[in-house]
Amino acid sequence: MQKCHPWAKLDAAGWSQEAEAVERFVSSQLHDHVVKAAGAGRAADEAFSSRCDALCTFVGPAELHVPQAALAPRFKDTWATAQDFIHRVTAYKDPFRKLLCIDRCCRQLYRMIHTAGAVERAARMAAPAQLPDSEPAASPAGGGDAVDNAAPAAARDSPSPAEEQSGPSADDLVPCVIWCLLRSNPPRFRSHLDFITRFRPPSRVSGSLAYHLTVLQSAVQFIERCGAEELGMGPDAFEEALRAGEEAAASRQPLAKQLQSIGDAFDTPKDDAAPPRAAEAGASGARPDAAPEAAGAGPGAASAAAGAVPLPALAPLPMAHELPFSPPLSEASPSALEAWKADRYRFLRRDPASLTMAEVPQLLAEYRHMVATCASIAEALGLPPPDVAQLSPDGAAGASETPGAQ
Amino acid sequence: MAAAASASFKLVLLGEGRVGKTSIVLKFVRGAFDDKQVTSSDASCLERTVSVGGSTYKLNIWDTAGQERFHALTPLYYRDADGALLVYDITDVKSFERVKHWVTELRRMASPSIQLVICGNKADLERSRKVDNAAAAAYAKEMGASHFLTSAKMGDGLKEAFADLTKRIAAIKGAGESAAAAAPGGRRGRRGESATGPAARAKRSSRFVVVDDDAAEPAKRSGGCC
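Bear in mind that the values here come from a model prediction, so they are computed numbers and not experimental data. (Residues numbered from 1 in each chain as written. Chains lettered and ligands numbered in written order. Predicted model: local features only at pLDDT ≥ 70, side-chain atom pairs only at ≥ 80, totals over all residues. Heavy atoms only, no water.)

Draft legend 1. Local environment of the packing of aromatic side chains. Enumeration over the complete set of coordinates arrives at nine aromatic pairs over all chains. Centroid distance Y211 of chain A to W62 of chain B: 5.2 Å. Interplanar angle 80 degrees. Geometry classified as edge-to-face. Here the residue Y211 of chain A occupies a position in helix 9 (residues 207-225), and W62 of chain B occupies one in strand 3 (residues 55-62), the pair thus bridging two chains. For the pair Y211 of chain A and W62 of chain B, a shared accessibility class is recorded, and that class is buried. The interplanar angle of 80 degrees and the centroid separation of 5.9 Å between the aromatic rings of F96 of chain B and Y139 of chain B together place this pair among those described as edge-to-face. Separated by 43 residues along the polypeptide, F96 of chain B in helix 4 (residues 93-109) and Y139 of chain B in helix 5 (residues 133-142) bring together distant segments of the chain. Y139 of chain B carries the same exposure label as F96 of chain B, and that label is buried. Taken together, the ring pairs in this structure connect Y211 of chain A together with W62 and Y77 of chain B into an aromatic cluster. Over the ring of W62 of chain B we find K10 of chain B, and its NZ or CZ is 4.0 Å from the ring centre. The ring of Y139 of chain B has K100 of chain B sitting right over it, with the charged end atom 5.3 Å from the ring centre. (Phe/Tyr/Trp six-rings, centres within 6.5 Å; stacked < 30°, edge-to-face > 60°. Helix = DSSP H or I, 4+ residues; strand = E, 2+ residues; numbered from the N terminus. Buried < 20%, exposed > 50% of the residue type's maximum accessible area, 1.4 Å probe, protein only. Lys NZ or Arg CZ within 6 Å of the ring centre and 35° of its normal.)

The following block contains the structure:
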């Protein structure tokens, strides 16, 4: 490639820019096919996702030893932004921008720990009456000579007086990243991480990008493998809690899972040039088309309430609570459920030839309802709106096997 | 061209929580940095360029979480690392046991060419020392690692430890490379020194630090290196 006409005269910097652009283009074209393809990855993703859900029910910042000071209300926005970055990892379609998101997420958390530590330190040094509320980044207390406890020692047992902790370290960062990932639990996160390693050779991931990628990989590994010992619980208590958590998660799971597969089925590669949406749900919404820089600027936007988001292309949508919802499905017996489905989804298995004109308005109404549901779900999961026009006539079943195929 | 890094090495810091891993890096880095800059950037992953034996190398120093419960994650960090700095607290026997554990693990799992340096940190707390220095040095020698006493608080022994590690990695790598790399003995040439010194110093503002070879040599001996 370097010998061909448009590239032949490039210098090293120009060449690396070109290579970057080509990588971005090629990988974003392949992205959905690779990440969303069925296979071992999907099963692992689902296992990871449900494990996150289960752990979330009983693992808190205390179990992970997230520094106490970092949980202050003033850092709520920081956590939201960090989670938002985690979600964006799944929204971007090229490895470099995914990496940037990871990097930003870790930096955000790192800075938070630093600030938290400095606040605590300042509080300890200042008179107990006055609480520091200024950003301590401007004045990191304790010069080079005075070595003091910078790192929040709340979670530690016995910080010795001579302990030299000049700043936050990986000891604090890793628990925060784990907690953040556990809380965000974006769909198919493992596949997205794998995508980075597959499409970006290690030689081109350097410095803090490489480090933060490793931190995130280690967080994934921790979540997958952690047991009673790591969380400081008794083995029995852990098993018990995990089982309860799994059950609790499973009762919520079917809907989410169904929705996820719907989302995947309807998901088709989307142009990067789509019009940016102004406001989006923070914790759950990812912005595929916003630059990563934007989030650092407005962490407030990230904490906007979920659910109040207007969908772009589908104008008058019934709100979720207006949709006629079914009887509690989880409580119905299997046979009753089947009967219910056959009644309600009456067009699902119909032969096109058997449709009458009189049924068309009803069919259309149901179609609208379904699209509205799928779209709001896709939105909530951070997926692009379903592009049903590209489905093949044999239906969603075929499309779910090869998403994006026309 | 002497100031341009001829190679970049990845180093990992291993050690139990609270032994002062991070402090070591920060202190090592502070020679050329005021701490405002250091602490506002991510101190768990730092890049420094050092000059050893007339050649310049870029060091990527990766911090790891030292807590016992994150132990299983460390392989992710030390895979394809060129060197490891194992830190223990001379006032804490348990932390030295952890170091032994890691040495065994690294010898088994990590790349066979990985170079190890063991640092007995908090050397300023000599009074409350619990780990026998001679025993630690003997252990390090047996394992083919260097042993240094460091104090992140006073800044003692840090340059020596990093210089030694860099030198040994360079020697290993240099065996397969061309003449530019440092000779195994780390013989410093006056010419090389005068060429790199000012140039690298001029770059200090852009995150460069020079490890002075002169300081490294004698202190290494007194530090109980093997």
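Draft legend 2. Local environment of the confidence of the model for chain A. All names here are of chain A. For chain A, the mean per-residue pLDDT works out to 71, and 66% of the residues sit at or above 70. Within chain A, no element has a lower average pLDDT than helix 13 (residues 299-302), which sits at 38, and none a higher one than helix 9, at 92. pLDDT under 50 marks residues 129-165. Its contacts with residues more than four places away, or in other chains, come to 72 contacts. Segment residues 396-406 is flagged for pLDDT under 50; beyond a separation of four residues in sequence, or across chains, it makes 13 contacts in the model. (pLDDT = per-residue confidence, 0-100. Contact = heavy atoms within 4.5 Å.)

Draft legend 3. Representation of the confidence of the model for chain B within the structure. Residues and elements named next belong to chain B. Per-residue confidence for chain B averages 74 on the pLDDT scale, and 69% of its residues sit at or above 70. Contacts of residues 178-226 to residues separated by more than four positions or lying in other chains number 74 contacts, the stretch itself having pLDDT below 50. On the interface metric, ipTM, the complex scores 0.75, and its pTM is 0.64.

Draft legend 4. Inspection of the sheet that holds strand 6 (residues 146-149) of chain B at higher detail. All names here are of chain B. Judged by pairing direction, the sheet is mixed, and its six strands sit side by side in the order 2-3-1-4-5-6 without closing on themselves. The strands lining the two open edges of the sheet, one partner per strand, are strand 2 (45-52) and strand 6. Sheet twist, expressed as the mean angle between neighbouring strand axes with direction ignored, is 25 degrees. Sheet topology places strand 2 next to strand 3; eight bridges connect them, and they run antiparallel. Across the sheet, S51 pairs through a bridge with T56, a residue of strand 3. Strand contacts of helix 4: strand 1 (7-15), strand 4 (83-89) and strand 5 (115-121), with the helix running at about 160 degrees to strand 4, the strand carrying the most contacts. Running over the sheet, helix 6 (residues 158-174) touches strand 1, strand 2, strand 3, strand 4, strand 5 and strand 6 and is turned about 170 degrees from strand 5. (Pairing = 2+ DSSP bridges. Axes fitted to C-alpha atoms, helices over the stretch in contact; angles between N-to-C directions.)

Draft legend 5. Structural context of the packing of helix 5 (residues 76-91) of chain A against helix 6 (residues 95-125) of chain A. All names here are of chain A. Where helix 5 meets helix 6, the axes come as close as 8 Å, and the angle between the chain directions of the two elements is 165 degrees. In terms of orientation, helix 5 lies roughly antiparallel with respect to helix 6. As for how helix 5 packs across helix 6, the hand of that crossing is left-handed. Where helix 5 abuts helix 6, its residues T78, W79, T81, A82, F85, I86, R88, V89 and T90 lie against K98, C101, I102, R104, C105, Q108, L109 and M112. (Parallel < 35°, antiparallel > 145°, perpendicular 65-115°, else oblique. Left-handed = near helix turned anticlockwise from the far one by under 90°.)

Draft legend 6. Local environment of the nonpolar core. Counting residues in hydrophobic clusters, the biggest one holds 87 residues, and the most contacted among them are W79 and L109 of chain A. The element best represented in this core is helix 6 of chain A, accounting for 11 residues. One finds V19, V25, C119 and F148 of chain B within the second-largest nonpolar core, a separate group that totals 29 residues. (Core = buried A, V, L, I, M, F, W, Y, C linked by side-chain atoms within 4.5 Å.)

Draft legend 7. View of the pattern of salt bridges. Residues and elements named next belong to chain A. What the rule picks out here adds up to 23 salt bridges over all chains. Put simply, R346 and E366 hold a salt bridge, and the shortest N to O gap is 3.6 Å. Of the two residues, R346 is situated in the loop between helix 14 (334-344) and helix 15 (360-381) and E366 in helix 15; the sequence distance between them amounts to 20 residues. The class for E366 is partly exposed, based on a relative accessible area of 21%. Salt bridges linked by common partners bring E20, E23, R200 and R204 together as one network. (Salt bridge = Lys/Arg side-chain N within 4 Å of Asp/Glu carboxyl O.)

Draft legend 8. Spotlight on helix 6 of chain A. In a regular helix each residue adds 1.5 Å, so 31 residues correspond to 45 Å; helix 6 of chain A covers 45 Å between its end C-alpha atoms and thus fits that length. Of all 31 residues in helix 6 of chain A, 22 are buried; the element is thus mostly enclosed. (Expected span 1.5 Å × (residues − 1).)

Draft legend 9. Quick look at the side chain of R98 of chain B. Residue and element names in this part refer to chain B. Note that R98 resides in helix 4. Residue class for R98 comes out buried when judged on its relative accessible area of 6%. Looking at R98, its side chain comes within polar contact range of the side chain of E68, at 3.4 Å. Those residues in contact with R98 that lie beyond four places of it in its chain are E16, G66, Q67, E68 and H71. (Polar contact = N/O pair within 3.5 Å; in protein donor to acceptor, adjacent residues only side chain to side chain.)

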